[in-house]
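Remarks on the overall topology
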Amino acid sequence: VPLEETSLPLFFGWFLLPGIQDKVRCTSMDFLKTLDTLEAFKKHLPDFTVEAEKEVDLEQYFQANGALHCTTKFCDYGKAEGAKEYADKPAVEELYGSVFELSLSALFVTPRTVGARVSLSEDQLTLWPADAEKEAVSVVPAAATLPAGSRAHVTLGCAEGVEPQQTGFDLLEILALQQEGQEGELVEEMELGSLAYYGKGRWLLSLREPVSAQACFSSLYG
Ligand code: ACK
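Note that the coordinates shown come from a computational prediction; the quantities given were computed from them, not determined experimentally.

**Details of the environment of leucine 16**
Relative to the assigned elements, leucine 16 resides in strand β1 (residues 11–16). Expressed as a C-alpha distance, the spacing of leucine 16 and phenylalanine 217, which sit 201 residues apart in the sequence, is 9.0 Å.

Structure below.
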């Protein structure tokens, strides 16, 4: 078997450097800690949990999993469509191992996931697969009309039994609502930024100061 057919990773992506991982995890924890104490969150709790609970501890509700990263291409060791084409892209070969500054521009929480939106620069978009958004249309139909890079995110945690790829779908859903002109219900100005509610348990915190996160473009074999 030729080497190139055996050497494709589980996925390519930007892996946050250790120091900034800690910072992002702390920011996320602080946000969750504050969110579940807000009256507005309590008011919408029935949208968030089907169980007739009066309270939810969001820090317990979401499980963190592994090193923080922003997936570019999920390759599934070569089984995913377009995996080899992506690995062979000149930009991927040239930039492999380089460190980038990712801009984390928002945090979002849904009943399924908590994540950070990554706003990609023009340079970073050269590493973004052309069909990343289109691949999500079976789950989020409006994804086809969203700009390239809309799906870029860092998964910060998933509810029990939820797969991490859900985080990107949850982000696309919120962006699709914004694109339709739904601004979300402005709930509160928090220290970190403005918090808006998009219905069905979906919360978006637009960060006043985007978090700049150093991240190495690389891959994971797992
Ligand atoms: O949080 P994530 O972006 O969602 O990081 C993990 C990573 O790959 C390893 O599982 C993402 N992932 C899993 N399946 C897919 C898929 N079919 N398309 C895009 N990303 C995926 C997951």
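Text resumes after the structure shown.
**Remarks on the pattern of salt bridges**
The full count for this structure, using the stated rule, is five salt bridges. When the shortest N-O distance is used, the salt bridge between arginine 112 and aspartate 170 registers 3.0 Å. Taken together, the positions of arginine 112 in the loop between β4 (99–109) and β5 (113–119) and aspartate 170 in helix α9 (residues 166–179) put the pair 58 residues apart, joining distant regions of the chain. Given the relative accessible area of 25%, arginine 112 is considered partly exposed. Relative accessible area serves as the criterion here: at 1%, aspartate 170 is assigned to the buried category. The partner of glutamate 173 in a salt bridge is arginine 202, and the shortest N-O contact between them spans 2.8 Å. Taken together, the residues span a long stretch of sequence, with glutamate 173 in helix α9 and arginine 202 in the loop between β8 (193–197) and β9 (203–220) at a distance of 29 residues.

**Points about the side chain of serine 28**
Here serine 28 shows up in helix α2 (residues 18–35). Since its relative accessible area comes to 6%, serine 28 is described here as buried.

**Here we look at α9**
The end-to-end C-alpha separation of α9 is 20 Å, in line with the 20 Å expected for 14 residues at 1.5 Å each. Where burial is concerned, most of α9 is hidden: eleven out of the 14 residues are buried. Listed in full, the buried residues belonging to α9 are Gln166, Thr167, Gly168, Phe169, Asp170, Leu171, Leu172, Ile174, Leu175, Ala176 and Leu177. Following α9 by one or two positions, glycine 181 has its phi on the positive side, about 100°.

Cut-offs and rules
- Residues numbered from 1 in each chain as written.
- Predicted model: local features only at pLDDT ≥ 70, side-chain atom pairs only at ≥ 80, totals over all residues.
- Heavy atoms only, no water.
- Helix = DSSP H or I, 4+ residues; strand = E, 2+ residues; numbered from the N terminus.
- Salt bridge = Lys/Arg side-chain N within 4 Å of Asp/Glu carboxyl O.
- Buried < 20%, exposed > 50% of the residue type's maximum accessible area, 1.4 Å probe, protein only.
- Expected span 1.5 Å × (residues − 1).

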